[in-house]
Amino acid sequence: MASAEWRPAAAAAPGATGAPTTRSTAPVSLGPAVPRTLQPAAPIALGPAAPKALQPARPGPAAPAAPGVVPPSPTRSTAPITSGPVTTAEPLPDAPTASGPVLAPTTQPSAPTPQHTPRTPPDHPPPTRRFLARAAVVTASLSVAAALLGLLRDQSLARLFGAGRDTDAFLVAWTVPEFAATLLIEDGLAFALVPAFSRALARRAQGAPGDPVRALVAGTLPRLALAFAAVGGGLALAAPQFVAALAPGLPDQALAVDCTRLTATCVFSFGLAGYCSAALRAHRRFSAPAAIYIAYNLGIITAMHTLGGHWGVRSAAVGVAAGGCLMVVVQLPFLVRELRKRGAAGSETRAGAEAGAGAGAGALDVPLMATVLLFALCRQSQVLIERFLASGLPAGAISHLNYAQKVAQIPMTLSMMLCTVTFPVVARALAEGHTERARARVERDLAVAAALVLLGAATVVACAPQLIGLLFQRGAFTAQDTAATAVVMRIYALGLLGQTLTGVLVRSYFSAGRATWYPVTAMAAGIAATSCIGAWSVGSWGVTGIAAANAIGITVTAVLLLAGMGRRSVPVRVPRLLRELSRPLRAATIAALAGEFATRLSASPLAGLVAGGATVTVVFVLLGGALGDQGCTAALRTVGTLTRRLAHALLR
């Protein structure tokens, strides 16, 4: 950089206000480049070292100056000119002014100063309602397709293998993918990774050095993949001990061990699938994560129908292993494309990249991982308790519990779709400091999800025998299996509101990306209630007692999580929320009674299902509107939008 050097004709005497006027062609550094047309109107203050020849004249007497100091001349603008690219000024002989020559700026390259570091625009602007609605529609469409394929999968399992000792053995092994899905895809890993990626994206948008997103991937994915592989391999080796501990009364433990060794592979594949899902959702990419269960169920269905004649129920376990791999394949290209995008403008220095890597690698801390995984483990341990208690009951008890739970949880799954879309939004809002926006989003999600799940629960209670009969009563699945499963499903439905509230509330606890032990404590209390009530009631009530224990335990957890909202989580207004929830709860209770009465008017299962479902919907909507339920109104608006968009997609 060329420095401005001035050589006055004579030194200034003490007390003088300036130096003799000289003419020099030496360049001078003036600060940021200023257009030539603007300089006469805004002369540049050169500071005490500048010669008087180039200082603009000012009216009035000059203020006295200290000895040997030339006072700066005033300018027409009081705004200081900040530093920036170096500018050299050359005098123009043909354009003089009263105070000296006009300076024509020329810019020389120079490194920008810190206050002028370029800041990139955010990778993702705040989501609009239209974007959220479109994302919810896409997620809902793919989730509905996955749920239908899940029903087809369960139907194929029931038709091919019935509800007996073989299916009981497979369902014990199916505990592994059920746990892996909860821990690594749906709840546990997502609660840690989505806030971590949201913080990395926020730092990238703020112009952090390097690429925090790719640094986070480099710092976490290899370690997590190694952990997934180690756990899956250890489980395959310990399959006999796992089966003996989980279902000691199981008649065919050897078959369960074979199936468990096959399903143990999903620990690795589900872990990678969950990582991809969390990263894509944080980037607001929802199509591929919502499609993973379509690929998963297609893998199981295909394996059962192609290999079932030779391998029996082991073919379903092979399908689980294949489906887990397909879950990764569906998402990997989209994640690679997102990671290839540059998060900062311009080139990145090696030092900046290393600084970003250091910051990103520490974003996913061990205490946070421990709390979210322990919560998910406690929540999913309800299945372990059920199968442990049911293993001593007559053959088919575990199967009845499984089929009832799968159907009863469909309303909960559908009600949670909006929260799946908005969880990254809440995490990003908290990462950017917008607490009020996060609270409004969580309260709206709770109202809508509660209304949707209560409508579904009322339908399940009213139409349980018709639903099970139409879905499963064929092949090896008998009318006695239908009756037993319907009773269990009705009891399961009583805990659906607790399941949904737990799913929504725990997201608000972990959306800030901080470790908190309160959700784990609340879930442990619910598990304790499930265990005690189940052990006490299984001898007298059998599978119905186990289902009741499940419903009570998850409701206890939901109440505790709701009571702990505030400083530990997003500051939701609990009293107001409870008043809102009481309205759809009352409407659902009356709607279920009316719907159950309507199903008895026809002996046909299909006609009874249509009559009961229509009655439940009409009564729920009318009562919800009369009670002023805002969640019901928003839910119906969401369902209407979804129906119109689906119809447009199918009929266009």
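For every chain, the first residue of the written sequence is number 1, and numbering continues from 1 onward in sequence order. Per-residue local features of the predicted model are confined to residues with pLDDT of at least 70, and side-chain atom pairs are confined, for both listing and counting, to 80 or more; whole-chain, interface and lining totals are unaffected and use all residues. Excluded from the side-chain calculations are hydrogens and water; all other atoms, namely the structure's heavy atoms, are used.

(A) Structural view of the overall build of the protein. Here a strand is any run of E in DSSP of at least two residues, a helix any run of H or I of at least four, and the numbering for each starts at the N terminus. For the protein, the count of helices and strands is 23 helices and two strands. Buried means the residue's accessible area, taken with a 1.4 Å probe over protein chains only, is under 20% of the maximum for its type, while exposed means over 50%, and partly exposed covers the values in between. A buried classification covers 51% of the 652 residues belonging to the protein. Contacts are residue-level and defined by heavy atoms, with any inter-residue pair within 4.5 Å sufficient. Contacts spanning at least 24 positions in sequence make up 81% of the contacts within the protein whose residues lie at least 6 apart. Note that accessible areas follow from Shrake-Rupley with a 1.4 Å probe, and for residues the cover is restricted to the protein chains shown. Carbon and sulfur atoms provide 66% of the accessible area of the protein, an area that totals close to 28900 Å².

(B) Quick peek at the confidence of the model for the protein. Mean pLDDT over the protein: 75, with 71% of residues reaching 70 or higher. Low pLDDT (under 50) marks residues 1-124, which in the prediction has 143 contacts with non-local residues, meaning those over four places away or in another chain. Each residue carries a pLDDT value, the predictor's own confidence for that position, ranging from 0 to 100. Every residue in residues 343-363 scores below 50 in pLDDT, and together they form 28 contacts with partners more than four places removed in sequence or on other chains.

(C) Representation of helix H17 (residues 479-493) in the model. Here, expected helix span is obtained from the residue count minus one, scaled by 1.5 Å. A rise of 1.5 Å per residue sets the reference length of H17, with its 15 residues, at 21 Å; its end C-alpha atoms lie 21 Å apart and thus fit the reference within 8%. Contact partners of the buried residues in H17: helix H12 (366-390), helix H13 (397-408), helix H16 (435-472), helix H18 (496-510) and helix H20 (543-563).

(D) Inspection of the environment of Ile300 at higher detail. Here Ile300 lies in helix H9 (residues 287-311). Taking C-alpha positions, Ile300 is 7.7 Å from Ala317, a pair spaced 17 residues apart along the chain. When sequence neighbours within four positions are dropped, the list of residues in contact with Ile300 reads Arg153, Ala316, Gly319 and Val320.

(E) The arrangement of the packing of aromatic side chains in detail. By convention, a stacked pair of Phe, Tyr or Trp rings (six-membered ring in the case of Trp) has centres within 6.5 Å and planes under 30 degrees apart, an edge-to-face pair has planes over 60 apart, and any other such pair is tilted. If you walk through the whole model with that rule in mind, you get eight aromatic pairs. Pairing Phe472 with Phe477 gives two aromatic rings, centres 5.8 Å apart and planes at 45 degrees, and the pair type is tilted. In this structure Phe472 comes out as buried when scored by relative accessible area, which is 1%. Its relative accessible area of 2% is what places Phe477 among the buried residues. Cation placement over rings: the criterion is NZ of Lys or CZ of Arg within 6 Å of the ring centroid and within 35° of the ring normal. Against the face of Trp174 rests Lys406, its NZ or CZ located 5.1 Å from the ring centre.

(F) Up close: the nonpolar core. Residues grouped as a nonpolar core are buried Ala, Val, Leu, Ile, Met, Phe, Trp, Tyr and Cys residues, joined through side-chain atoms within 4.5 Å. Counting 149 residues, the largest nonpolar core has Leu157, Phe170, Phe197, Phe270, Leu446, Phe472 and Met489 as the members making the most contacts within it. Considering each element in turn, this core owes the most residues, 18 residues, to H16.

(G) Fine view of empty space enclosed by the protein. Only protein atoms enter the 1 Å grid used here, on which a cavity is any set of points holding a 1.4 Å probe that cannot leave and a pocket is any open set flanked by protein within 12 Å on both sides along at least five of seven lines; residues with an atom within 4 Å of a point are listed as lining. Grid points are joined across faces, edges and corners, and a volume is the space filled by probe spheres set on the points. One pass over the full model with this rule turns up six cavities of 30 Å³ or more. If you add up the space inside the largest cavity, you get close to 1300 Å³. Lining of the largest cavity is provided by 44 residues; of these, Glu186, Tyr293, Gln409, Met412 and Thr413 occupy positions nearest its centre. When residues of the lining of the largest cavity are assigned to their parent elements, the largest contribution, eight residues, is made by helix H1 (residues 129-161). Computed from the structure, the second largest cavity encloses a volume of approximately 80 Å³. Looking at the second largest cavity, the residues that line it are Cys419, Thr422, Phe423, Val426, Val442, Asp445, Val504, Arg507 and Ser508. Partitioning the lining of the second largest cavity into residue classes produces five nonpolar, two polar and two charged. All amino acids are sorted into three groups, where Ala, Val, Leu, Ile, Met, Phe, Trp, Tyr, Cys and Pro are nonpolar, Asp, Glu, Lys and Arg are charged, and the leftover types, Gly among them, are polar.

(H) Region of interest: the pattern of salt bridges. Salt bridges are defined as contacts in which a side-chain nitrogen from Lys or Arg sits within 4 Å of a carboxyl oxygen from Asp or Glu. Evaluation of the coordinates by the stated rule reveals 12 salt bridges. Of the charged contacts, one joins Arg439 and Glu436 as a salt bridge, the two residues approaching to 2.3 Å between their closest N and O atoms. Residue Arg439 and its partner Glu436 are located together in helix H16, separated by three residues, close to a single helical turn. In this structure, Arg441 engages Asp445 in a salt bridge whose closest nitrogen and oxygen atoms are separated by 3.1 Å. With a gap of four residues between them, Arg441 and Asp445 both fall in helix H16, about one helical turn apart. Neither Arg441 nor Asp445 differs from the other in exposure class; each is buried. Salt bridges linked by common partners bring Glu178, Arg387 and Lys406 together as one network.

(I) Quick look at unusual backbone geometry. Unlike most non-glycine residues, Arg284 shows phi in positive territory, near 60 degrees. Here Arg284 is to be found in the loop between helix H8 (266-282) and H9.

(J) Broad picture of the side chain of Arg439. With a relative accessible area of 16%, Arg439 lands in the buried category. Residues contacting Arg439, with those up to four places away along its chain left out, are Val570, Pro571, Val572 and Arg573.

(K) Structural view of the packing of helix H15 (residues 417-431) against H16. Working convention: axes come from line fits to C-alpha atoms, limited for helices to the stretch in contact. Angles between N-to-C directions cover 0 to 180 degrees. One way to put it is that H15 packs onto H16 with a least axis distance of 8 Å and a crossing angle of 165 degrees. Comparing their axes, H16 and H15 come out roughly antiparallel. The handedness of the crossing between H15 and H16 is left-handed. For the pair H15 and H16, the contacting residues are Leu418, Cys419, Thr422, Val426, Ala429 and Leu430 in the first and Thr435, Arg437, Ala438, Arg441, Val442, Asp445, Val448 and Ala449 in the second. Looking at the contact of H15 with H16 residue by residue, the class counts come to nine nonpolar, two polar and three charged. Oblique is the label for any angle not covered by the other classes, which are roughly parallel (under 35 degrees), roughly antiparallel (over 145) and roughly perpendicular (65 to 115). Take the far helix as your reference; a near helix turned counterclockwise from it by less than a right angle gives a left-handed crossing, and one turned clockwise gives a right-handed crossing.

(L) How the structure looks around a nonpolar patch on the surface. On the surface, a nonpolar cluster with roughly 220 Å² of combined accessible area is contributed by Val144, Leu148 and Leu414. Within the element layout of this structure, Leu414 appears in helix H14 (residues 410-415). Like-charged residues within 9 Å of one another, or nonpolar side chains (Val, Leu, Ile, Met, Phe, Trp, Tyr) within 5 Å, are grouped into patches, provided each residue has over 30% relative accessible area and no salt bridge.

(M) Quick look at the packing of helix H4 (residues 188-205) against H12. Put simply, H4 and H12 touch, their axes get as near as 7 Å, and they point 150 degrees apart. Judged by the inter-axis angle, H4 sits roughly antiparallel to H12. For H4 against H12, the interelement crossing comes out right-handed. Each of Gly188, Leu189, Phe191 and Ala192 in H4 lies in contact with H12, whose residues at this interface are Leu368, Met369, Val372, Leu373, Phe375 and Ala376.

(N) Region of interest: the side chain of Asp211. Within the fold, Asp211 resides in the loop between H4 and helix H5 (212-237). We classify Asp211 as buried; its relative accessible area is 6%. Polar contacts, as counted here, are pairs of nitrogen or oxygen atoms within 3.5 Å of one another; within protein the pair requires one atom able to donate a hydrogen and one able to accept it, and residues that are adjacent in sequence qualify only if both atoms are side-chain atoms. At a separation of 2.8 Å, a polar atom in the side chain of Asp211 contacts the side chain of Arg214.

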